[in-house]
Amino acid sequence: MKYILTKSKEKFKFKKKPKFIDGYSITKKMTITIFNNTLKSSIFKKKTDKKMNNLFNLFMFLENNEDDDEGGHLLSAGIEEMQILLAENPNMFTNSELNSYYDKLETMETRAITEKISQGKGR
C-alpha cells in the first residue's frame, strides 16, 4: 500500500493513496513519489549522471586492463541499459543533454569494439 505524507500545523500524517499517476517514485525503505517536474528532472539527471560516471569508470578500467573479458560484457550491457533508459525518458532532458549522453555512449561502444578487435588479432 502506498501512502502520502502531509504536514499540517507542525504534525505529520500518513494518508493512504490508491495510485500515483505521472509521478517519479524513489524506493528505498519507503516509497516517495514526486510530482514537481523540475524536481523530478533534477533527481533523474543526478541518478543518470551517477550511472554514466560508473559506466565510464568501468570503461577506463577495461581500457587499462587488457585481460578482462567479463568486464567487456558488463560494459556492453551497461551501455545498452543506458541507451534504453535515455530512450524511455526523453522528456527529462534537453536535446543537447540527450545528444551529449548518446555521443559519450557511442564513443565508449566504438572504442571498446576496436580494442576487442585489435586484441583478437594480436593473439
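In this text, all values refer to a predicted model and were calculated from it rather than measured experimentally. (Residues numbered from 1 in each chain as written. Predicted model: local features only at pLDDT ≥ 70, side-chain atom pairs only at ≥ 80, totals over all residues. Heavy atoms only, no water.)

1. Some words on the overall build of the protein chain
Selection criterion: Segments assigned H or I by DSSP are reported as helices when at least four residues long, segments assigned E as strands when at least two residues long, and all are numbered from the N terminus. Any two residues having at least one pair of non-hydrogen atoms within 4.5 Å are treated as being in contact.
From N to C terminus, the protein chain includes 3 helices and 4 strands. The N-to-C order of helical and strand elements in the protein chain reads β-β-β-β-α-α-α. In the protein chain, 38% of the contacts between residues at least 6 apart in sequence involve partners at least 24 apart.

2. Details of the confidence of the model for the protein chain
In plain terms, the rule: One number per residue, pLDDT, summarises how confident the predictor is, and it ranges from 0 to 100.
Per-residue confidence for the protein chain gives a mean pLDDT of 77; residues scoring 70 or more make up 64%. Looking across the protein chain, the model is least confident in strand S2 (residues 11-17), with a mean pLDDT of 54, and most confident in helix H1 (residues 37-64), with 88.

3. Focus on the side chain of threonine 48
Stated precisely, the cut-off is as follows: Buried, partly exposed and exposed residues are distinguished by accessible area as a fraction of the type maximum, computed with a 1.4 Å probe on protein chains only: under 20%, between the cut-offs, and over 50%, respectively.
Within the fold, threonine 48 resides in helix H1. Using a relative accessible area of 1% as the deciding quantity, one classes threonine 48 as buried. Leaving out residues up to four positions away in the same chain, threonine 48 has contacts with Met82, Leu85, Leu86, Phe93 and Tyr101.

4. Regarding a negative patch on the surface
Here is the rule we go by: Candidates for patches are residues over 30% relative accessible area with no salt bridge; among them, like charges are joined within 9 Å and nonpolar side chains (Val, Leu, Ile, Met, Phe, Trp, Tyr) within 5 Å. In short, Shrake-Rupley with a 1.4 Å probe defines the accessible areas, and a residue's cover is counted only from the protein chains shown. Each reported salt bridge corresponds to a side-chain nitrogen of Lys or Arg within 4 Å of a carboxyl oxygen of Asp or Glu. For this count, His and the chain ends are skipped, Lys and Arg are scored as positive, and Asp and Glu as negative. A charge is said to be at NZ when it belongs to Lys, at CZ for Arg, at CG for Asp and at CD for Glu.
On the surface, Glu80, Asp103, Glu106 and Glu109 cluster together to form a negatively charged patch. No other element matches helix H3 (residues 95-122), which puts 3 residues into the negative patch. In this structure, glutamate 106 sits in helix H3. For glutamate 106, a relative accessible area of 48% puts it in the partly exposed group.

5. Digging into helix H2 (residues 70-88)
Residue pairs three or four apart in sequence face the same way in an α-helix, which turns once every 3.6 residues. The condition that has to hold: Take the residue count of a helix, subtract one, and multiply by 1.5 Å to get its expected span. The directions considered for the arc run from the helix axis to the C-beta atoms.
In this model H2 runs 27 Å from its N-terminal to its C-terminal C-alpha over 19 residues, within 8% of the 27 Å that 1.5 Å per residue would give. Here H2 has its buried residues at Gly71, Leu75, Gly78, Ile79, Met82, Leu85 and Leu86. Down the axis of H2, the smallest arc covering the buried residues is 125°, so these residues share one side. Facing away from the buried side of H2, by more than 90 degrees, are the exposed residues Glu70, His73, Ala87 and Glu88.

6. Examining the environment of glutamate 80
Note on placement: glutamate 80 falls in helix H2. According to the relative accessible area criterion, glutamate 80 is partly exposed, its value standing at 49%.

7. What to know about the nonpolar core
The following threshold applies: Each nonpolar core is a collection of buried residues, namely Ala, Val, Leu, Ile, Met, Phe, Trp, Tyr and Cys, held together in the definition by side-chain atoms within 4.5 Å.
Grouped together as the largest cluster of nonpolar side chains are 16 residues, with contacts concentrated most on Leu55, Phe93, Leu105 and Met108. Mapped by element, the contributors of at least two residues to this core are H1, H2 and H3. Not counting chain neighbours up to four residues away, the residues in contact with phenylalanine 93 comprise Phe44, Lys45, Thr48, Leu86, Leu98 and Tyr101.

8. Observations concerning H1
The end-to-end C-alpha distance of H1, which contains 28 residues, comes to 40 Å, matching closely the 40 Å that a straight helix rising 1.5 Å per residue would cover. Restricting attention to buried positions, one finds in H1 the residues Lys40, Ser41, Ile43, Phe44, Thr48, Met52, Leu55, Phe59, Leu62 and Glu63.

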